[in-house]
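If you want the building blocks of each chain, they are given just below.
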Amino acid sequence: YGHEAGDEILRETVRLLPQENYLYYGDSLHAPYGVKSEAQIQALIALLKDLVKRHDLPIDSIIAHSDVAPQRKVDPGPLFPWQRLAEAGLIRWPDAAQVVSRRGEFERALPDALWFQQQLAKVGFSLAFSGQFDEQTRNVLAAFQMKYHPARYDGLADAETAAILAVLNNIP
């Protein structure tokens, strides 16, 4: 199972980002994917830092199965320690104060589906710009939320998710 899943992920990643180098980290605990011990997190961060340095990989080279195939995959899930990877300088993370500052504007007026689709594409997701909160958009929103807003990953647009997207994409 793991080998087939890894091959599928790699094929899709190469198709989407043909010029990049890749590392696939699998979670053998299966859904709902387990909490990692502190030792596992530290070992993973050390490994990833070494690989990023050795291969001169840009920030955000570390992606999830759900980032590549959000229509079919949910791993590594909302318990994966993405923020710890960000604290280690391995992925971008939105500044919490900026998110709080921006959330109010989105609570007053939530952007439409097309805005969310465009912003999700800017952070690397592949999706059609249907202008609707359709199933593919909800799946991509859920994948994004599992990484950046794991308290809520229902795939529904909300002010917090909009604020996180705005901060990550440097929207004035």
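All values derive from a computational prediction rather than experimental measurement.

J.: Would you mind going over the overall build of the chain with me for this structure?
T.: In terms of helices and strands, the chain carries 8 helices and 0 strands. Listing each helix as α and each strand as β along the chain from the N terminus yields α-α-α-α-α-α-α-α. Taking all 172 residues of the chain together, the buried fraction comes to 44%. Intrachain contacts of the chain at a sequence separation of at least 6 include 56% that bridge at least 24 residues. Counting only carbon and sulfur atoms, one obtains 54% of the accessible surface of the chain, whose full area is about 9,600 Å².

J.: What exactly am I supposed to notice about the packing of helix H6 (residues 113-122) against helix H8 (residues 159-168) here?
T.: Relative placement of two packed helices is described by the angle separating their axes and the distance separating the axes. Close contact between H6 and H8 brings their axes to 10 Å; oriented N to C, the two are set at 45 degrees. Considered as vectors, H6 and H8 are oriented oblique to each other. Relative to H8, the crossing made by H6 is left-handed. Residue-level inspection shows Trp115, Phe116, Gln119 and Leu120 of H6 in contact with H8, the latter providing Thr161, Ala162, Leu165 and Ala166.

J.: Mind showing me how you'd approach the environment of Gly131 here?
T.: Residue position: Gly131 is located in the loop between H6 and helix H7 (135-148). For the pair Gly131 and Trp115, spaced 16 residues apart in sequence, the C-alpha to C-alpha distance is 8.0 Å. Setting aside residues no more than four positions away along its own chain, Gly131 makes contact with Ala113, Leu114 and Gln117.

J.: Help me understand the packing of aromatic side chains in this model?
T.: Note on aromatic pairs: each is described by the distance of the centres and the angle between the planes. Within this structure, the stated rule accounts for 6 aromatic pairs. Between Trp93 and Tyr148, the ring centres sit 5.1 Å apart and the planes meet at 40 degrees, which makes this aromatic pair tilted. With Trp93 in the loop between helix H4 (82-87) and helix H5 (96-108) and Tyr148 in helix H7, this pair connects stretches of sequence that are 55 residues apart. Take Trp93: its relative accessible area is 27%, and that puts it in the partly exposed class. According to the relative accessible area criterion, Tyr148 is buried, its value standing at 11%. Arranged with centres 5.5 Å apart and planes meeting at 45 degrees, the rings of Phe106 and Trp115 form a pair that is tilted. Overall, the relative accessible area of 7% leaves Phe106 in the buried class. Grouping aromatic residues by their ring pairs yields a cluster made of Phe106, Trp115, Phe116 and Phe133.

Calculation notes
- Residues numbered from 1 in each chain as written.
- Predicted model: local features only at pLDDT ≥ 70, side-chain atom pairs only at ≥ 80, totals over all residues.
- Heavy atoms only, no water.
- Helix = DSSP H or I, 4+ residues; strand = E, 2+ residues; numbered from the N terminus.
- Buried < 20%, exposed > 50% of the residue type's maximum accessible area, 1.4 Å probe, protein only.
- Contact = heavy atoms within 4.5 Å.
- Areas by Shrake-Rupley, 256 points an atom, 1.4 Å probe, with all protein chains shown as cover.
- Axes fitted to C-alpha atoms, helices over the stretch in contact; angles between N-to-C directions.
- Parallel < 35°, antiparallel > 145°, perpendicular 65-115°, else oblique.
- Left-handed = near helix turned anticlockwise from the far one by under 90°.
- Phe/Tyr/Trp six-rings, centres within 6.5 Å; stacked < 30°, edge-to-face > 60°.

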